[in-house]
Amino acid sequence: MINRFSRDVMSVDVNLPFTLNILLATFFSLLASIVMTAYGIPYVTIIMVPLMVLYYFMQKYYLRAVREVKRLYSTSQSPLYTHFEESVNGLVYIHAFRVYTSVQNIGTRYLEAFQRSCYCLYSANAWLELRLELLATGVVLIAAVVILTEVHYHAIDAALLGLALTYSLTINSTLKEMIFSLIEVEKEMIGAERILQYTHDIPVEVEPEDVQYVDYSWPFRGNIRFCDVSVRYKRLHQFGPIQHQF
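In this report, the structure presented in the accompanying data block is examined. (Residues numbered from 1 in each chain as written. Predicted model: local features only at pLDDT ≥ 70, side-chain atom pairs only at ≥ 80, totals over all residues. Heavy atoms only, no water.)

**Concerning the overall build of the protein**
How we decide: What counts as a helix is a DSSP run of H or I of at least four residues, what counts as a strand is a run of E of at least two, and both are numbered from the N terminus. Burial classes: relative accessible area under 20% of the type maximum marks a residue as buried, over 50% as exposed, and values in between as partly exposed (1.4 Å probe, protein chains only). We get accessible surface area from the Shrake-Rupley algorithm with a probe of 1.4 Å; when it comes to residues, only the shown protein chains can shield them.
Across its full length, the protein holds 5 helices and 0 strands. Its helices and strands taken in sequence order, the protein reads α-α-α-α-α from the N to the C terminus. Out of the 246 residues in the protein, the part that is buried amounts to 31%. Roughly 16,900 Å² of accessible area belongs to the protein as shown, and the carbon and sulfur atoms make up 65% of that amount.

**A few points about the state of the cysteines**
Using the following cut-off: By definition, disulfides here are pairs of cysteine sulfur atoms that lie within 2.5 Å.
Applying the stated criterion across every chain yields a total of 0 disulfides. Lacking any disulfide linkage, Cys 120 is separated from the closest cysteine sulfur, that of Cys 118, by 9.4 Å. A relative accessible area of 41% places Cys 120 in the partly exposed class.

**As for the packing of aromatic side chains**
Here is the rule we go by: Note on aromatic pairs: the rings of Phe, Tyr and Trp (six-membered ring only in Trp) are paired at centre separations within 6.5 Å, and the planes decide the class, stacked below 30 degrees, edge-to-face beyond 60, tilted for the rest. In this analysis the charged atom, NZ for Lys or CZ for Arg, is taken to sit over a ring once it is within 6 Å of the ring centre and within 35 degrees of the ring normal.
The full count for this structure, using the stated rule, is 4 aromatic pairs. Between Tyr 61 and Trp 127 the ring centres are 5.6 Å apart and the planes differ by 45 degrees, which places this aromatic pair in the tilted class. A residue pair is termed long-range when its members are at least 10 positions apart, and Tyr 61 in helix H2 (residues 44-89) and Trp 127 in helix H4 (residues 100-153) qualify at 66 residues. Judged by its relative accessible area of 52%, Tyr 61 is exposed. On the accessibility criterion, Trp 127 (28% relative accessible area) is partly exposed. Consider the rings of Tyr 73 and Phe 114, whose centres lie 5.2 Å apart with planes at 40 degrees: the pair is tilted. Of this pair, Tyr 73 sits in helix H2 while Phe 114 is found in helix H4, placing the two residues 41 residues apart along the sequence. Of the two residues, Tyr 73 and Phe 114, neither departs from the other in class, the shared state being buried. It is Arg 109 that lies over the ring of Tyr 110; its NZ or CZ is 5.7 Å from the centre.

**Examining the side chain of Ser 76**
Test applied: In this description, contact between two residues means that some pair of their heavy atoms is separated by no more than 4.5 Å.
With respect to the helices and strands, the residue Ser 76 is situated in helix H2. By relative accessible area, Ser 76 is classed as buried at 13%. With residues up to four places along the chain from it excluded, the contact list for Ser 76 reads Ala 113, Phe 114 and Ser 117.

**Quick word on the environment of Val 66**
Mapped onto the fold, Val 66 is located in helix H2. Since its relative accessible area comes to 0%, Val 66 is described here as buried. The spatial distance from the C-alpha of Val 66 to the C-alpha of Tyr 122 is 9.6 Å, given a sequence separation of 56 residues. Excluding residues that lie within four positions of it along the chain, Val 66 makes contacts with Leu 121, Ala 124, Ile 183 and Lys 187.

**Considering the packing of H2 against H4**
Basically, it comes down to this: To obtain an axis, a line is fitted to C-alpha atoms, over the contacting stretch when the element is a helix, and the angle between two such axes runs from 0 to 180 degrees between their N-to-C directions. Convention used here: angles under 35 degrees read as roughly parallel, angles over 145 as roughly antiparallel, angles from 65 to 115 as roughly perpendicular, and any remaining angle as oblique. Note: crossing handedness is left-handed where the near helix turns anticlockwise from the far helix by less than a right angle, and right-handed where it turns clockwise. Residues are grouped as follows: Ala, Val, Leu, Ile, Met, Phe, Trp, Tyr, Cys and Pro are nonpolar; Asp, Glu, Lys and Arg are charged; all remaining types, including Gly, are polar.
Viewed as axis vectors pointing N to C, H2 and H4 meet at an angle of 165 degrees, and their least axial separation amounts to 9 Å. Judged on the interaxial angle alone, H4 and H2 are roughly antiparallel. You can see that H2 and H4 cross each other, and the crossing is left-handed. Within the contact of H2 with H4, the residues separate by chemical class into 33 nonpolar, 7 polar and 1 charged.

**Brief notes about the environment of Ala 124**
Looking at where Ala 124 falls in the secondary structure, it is placed in helix H4. As a C-alpha pair, Ala 124 and Tyr 62 span 62 residues in sequence and 7.5 Å in three-dimensional space. If we ignore the near neighbours within four places in the chain, the residues touching Ala 124 are Tyr 62 and Val 66.

**Details of the nonpolar core**
Counted only if it meets this: To form a nonpolar core, buried Ala, Val, Leu, Ile, Met, Phe, Trp, Tyr and Cys residues must be joined to one another through side-chain atoms within 4.5 Å.
One finds Ile 41, Tyr 55, Val 66, Leu 128, Ile 179 and Ile 183 to be the most contacted residues of the largest nonpolar core, which totals 36 residues. Secondary structure elements with two or more residues in this core: helix H1 (4-40), H2, H4 and helix H5 (158-200). Of all the elements, H4 adds the most residues to this core, at 13 residues. Sequence-distant contacts of Leu 128, defined by excluding residues within four places in its chain, comprise Met 58, Tyr 62, Ile 179, Phe 180 and Ile 183.

**A closer look at the environment of Val 69**
Along the polypeptide, Val 69 turns up in helix H2. The spatial distance from the C-alpha of Val 69 to the C-alpha of Tyr 119 is 9.7 Å, given a sequence separation of 50 residues.

Encoded structure:
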């Protein structure tokens, strides 16, 4: 509950609009760079088409994995927050029953699960960034070879070639930023998905037709009687009930 109504709501209200703004800005910047490069070096457009297809399949392959990793990241974060809140609120009882080791072991287990998801998420980001850098270096190399070929075999304006080369250098970083922005949009949508689960997929505890209504004059007397009641802490069940049959 805390994670969904804090981090997930912030993802939908703050992070998602900000990331969409960056995505649109980088898209138009990339479009302008491609147009200027194609104007100065028309042959580069022949190379751009397969590179764009390669970029597309790379981010699609990456998104298939990182979407699930992001879902695990958000799911493993909720038990950690819940355990921390319960530990702080029940600190007096933890001291009273001296269950430090049990509470610490539970928190360590939740923390390790969360760190494993973090490691997978950062590893996936590093995987994509390395391959984008390699492709970006290839784009610059191909553009430089085309420029040298044009200068050697054709009489072409050097200023125009310099302008095209300058914009071709920005294509790499802009395209990489746009792909990362698109991926961030996909990942932030996990927060919206988790919030929607609380509006559609929450089971009803008691059906309305199963509710038994009592008379308005109830209770007739002000006495409350407990008979054969046994209570215990839900996360410290290995210690048995703390009170028997009162």
